[in-house]
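# Observations on the model geometry
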Amino acid sequence: REKKYIHWWIQLYHNLDSDGYPNLFDEDQNYGLCHRLDRETSGTVLVGVTQLARQQMRECFHRHYVRKLYVCLAHGFIEPMEQTVDKNLEAMGQKARLHPNGKRARTHVKVLAQFTRKTKDG
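So, on to the pattern of salt bridges. In this structure the tally under the stated criterion is four salt bridges. D86 serves as the salt-bridge partner of R104, at 2.7 Å between the closest nitrogen and oxygen. Of the two residues, R104 is situated in strand 5 (residues 103–110) and D86 in strand 3 (residues 82–92); the sequence distance between them amounts to 18 residues. The partner of R97 in a salt bridge is E90, and the shortest N-O contact between them spans 2.7 Å. According to the relative accessible area criterion, R97 is partly exposed, its value standing at 40%.

Residue placement: R54 occurs in helix 2 (residues 51–62). For R54, a relative accessible area of 9% corresponds to the buried category. In this structure R54 touches N23, Q29, N30, G32, L33, C34 and G48, once residues within four positions along its chain are discounted.

In this chain, E79 is followed by P80 through a cis amide linkage whose omega measures -10°. Along the polypeptide, P80 turns up in the loop between helix 2 and strand 3. Located in the positive-phi region is H64, a residue other than glycine, with phi close to 60°. The residue H64 is located in the loop between helix 2 and strand 3 in this model. According to the relative accessible area criterion, H64 is exposed, its value standing at 55%.

Another aspect to go through is helix 2. Taking 1.5 Å of rise per residue, the 12 residues of helix 2 would be expected to cover 16 Å, and the 16 Å separating its terminal C-alpha atoms lies within 8% of that figure. Trailing helix 2 by a residue or two, H64 shows a phi angle of about 60°, which is positive.

With that settled, the discussion passes to the sheet that holds strand 4 (residues 95–98). Read from one edge of the open sheet, three strands run 4-3-5, paired in antiparallel fashion. This sheet does not close on itself; its edge strands, each paired only once, are strand 4 and strand 5. Between one strand axis and the next, the sheet turns through 45° on average, direction left out of account. Sheet topology places strand 3 next to strand 4; four bridges connect them, and they run antiparallel. Bridge pairing in strand 4 places E90 opposite R97.

Reading guide: rules and limits
- Residues numbered from 1 in each chain as written.
- Predicted model: local features only at pLDDT ≥ 70, side-chain atom pairs only at ≥ 80, totals over all residues.
- Heavy atoms only, no water.
- Salt bridge = Lys/Arg side-chain N within 4 Å of Asp/Glu carboxyl O.
- Helix = DSSP H or I, 4+ residues; strand = E, 2+ residues; numbered from the N terminus.
- Buried < 20%, exposed > 50% of the residue type's maximum accessible area, 1.4 Å probe, protein only.
- Contact = heavy atoms within 4.5 Å.
- Expected span 1.5 Å × (residues − 1).
- Pairing = 2+ DSSP bridges.
- Axes fitted to C-alpha atoms, helices over the stretch in contact; angles between N-to-C directions.

So, in structure tokens, the structure goes:
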């Protein structure tokens, strides 16, 4: 595997301390990387600074213990105000499509608030 920019940045952040953080310098441990959350959107990276932390976090993802919460601001009104979208998605490179043999994806949606814009007249 080629050492990527993110590995270098994490090592710099920890003062290139390979004795204190050997996991961050171990290619076999993928330089401590545990998971790339939502690669297609934010690309947040989860790093296990120690080997034990990396193993435990990877196990949590494997067993589906990790839940993600997204908050967004949408234009217009969403109906119903609370719903669950449960579909099978098939990965197609950087994109996905609905497919009966795809991986199950479940998203719970709940509208927390609605806003309207006031005009100059009231």
